[in-house]
Amino acid sequence: MTRHAVLYQAAALCLAYPDDEFHERLPLLRAAAPAGLDGFLTHAETTDPRELAAHYVRVFDFKNRHSLYLSWWREGDTRRRGMALVRFKETYREHGLEFTGEELPDFLPAVLEFSAQAGPVLLKEHRSGLELLRIALADFGTPYAAVMEAVCATLPGPSPKDRAEAQALARSGPPREDVGLQPFALIGERSS
């Protein structure tokens with residue numbers, strides 16, 4: 001397994017919900033993980049498990065700006081997101097893997113596990129979303145930012161195009177789409 005593959009596998013575990021299995025794996029993560037994950041691992045080892053779980057929920061479950069679903073960064077909550085999810089599954093199949101997880105196929109821990117086996121093809125394709133997530137987590141002041149910094153550091157670049165694209169998307173946010181609402185008038189706008 002290459003150095004990046006070990007990092008991707010470790011990062012996948014770090015970005016998953018910190019359940020009992022995560023805590024059981026912490027010694028293995030500490031022994032195997034590259035230095036870029038030290039800060040997060042120290043935080044995970046020294047934080048009460050209930051507080052770590054609550055922190056994970058605060059970081060990832062209440063803010064779309066911290067979304068672990070890569071298609072959200074490009075497609076937002078639009079109809080195009082469904083096709084993006086299909087493309088993730090197709091990429092898995094092209095590399096001889098079938099996605100069977102409980103999460104959506106664009107869930108970053110799943111993508112990182114795939115990348116540990118098949119290389120960073122999906123990570124490269126979604127570089128701007130990864131950078132946006134990294135920036136958002138750093139701004140939020142969470143130790144999870146170190147995990148994203150380590151992942152992003154393995155990818156080529158950053159090229160000015162990726163950085164500019166990430167910053168432009170960070171300012172404007174992902175696209176939104178209100179489908180099928182045109183025939184409905186807002187309350188108070190109905191004609192008598």
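Residues numbered from 1 in each chain as written. Predicted model: local features only at pLDDT ≥ 70, side-chain atom pairs only at ≥ 80, totals over all residues. Heavy atoms only, no water.

Undergrad: Help me get a handle on the environment of Gly-96, residues and values and all.
TA: The topology assignment puts Gly-96 in the loop between helix H6 (80–94) and helix H7 (108–118). For Gly-96 and Ala-118, which are 22 residues apart along the polypeptide, the C-alpha to C-alpha distance reads 9.2 Å. (Helix = DSSP H or I, 4+ residues; strand = E, 2+ residues; numbered from the N terminus.)

Undergrad: Tell me what's going on with the confidence of the model for the protein, and back it up with residues and numbers.
TA: In this model, the protein carries a mean pLDDT of 86, and residues with pLDDT of at least 70 account for 82%. Note on residues 180–192: pLDDT under 50 across the span, and one contact to partners over four residues away in sequence or across chains. (pLDDT = per-residue confidence, 0-100. Contact = heavy atoms within 4.5 Å.)

Undergrad: Talk me through the nonpolar core; I want residue IDs and the actual numbers.
TA: Core analysis: the largest hydrophobic core is formed by 50 residues, its most contacted members being Leu-37, Leu-108, Leu-112 and Leu-123. Sort the elements by how many residues they give to this core and helix H1 (residues 3–14) lands first, with eight residues. Each residue touching Leu-37, except ones within four places of it in the same chain, is listed here: Leu-7, Ala-10, Ala-11, Cys-14, Val-147 and Ala-150. (Core = buried A, V, L, I, M, F, W, Y, C linked by side-chain atoms within 4.5 Å. Buried < 20%, exposed > 50% of the residue type's maximum accessible area, 1.4 Å probe, protein only.)

Undergrad: Residues and numbers for the layout of surface pockets, please.
TA: If you add up the space inside the largest pocket, you get close to 920 Å³. Glu-103, Phe-107, Pro-109, Ala-110 and Glu-113 are, among the 34 residues lining the largest pocket, the residues nearest its centre. For the lining of the largest pocket, the elements supplying multiple residues, two or more each, are H1, helix H2 (20–32), helix H4 (49–60), H6 and H7. (1 Å grid on protein atoms, 1.4 Å probe; cavity = no way out; pocket = protein on both sides within 12 Å on 5 of 7 lines; lining within 4 Å. Points joined across faces, edges and corners; volume = space filled by probe spheres on them.)

Undergrad: Account for the pattern of salt bridges, naming residues and giving values.
TA: Within the structure shown, the criterion is met by eleven salt bridges. Between Asp-48 and Arg-50 there is a salt bridge, with the nearest N and O atoms lying 3.4 Å from each other. In this structure, Arg-93 and Glu-98 form a salt bridge, with 3.3 Å as the shortest nitrogen-oxygen distance. Salt bridges sharing common partners tie together Arg-30, Asp-38 and Glu-45. (Salt bridge = Lys/Arg side-chain N within 4 Å of Asp/Glu carboxyl O.)

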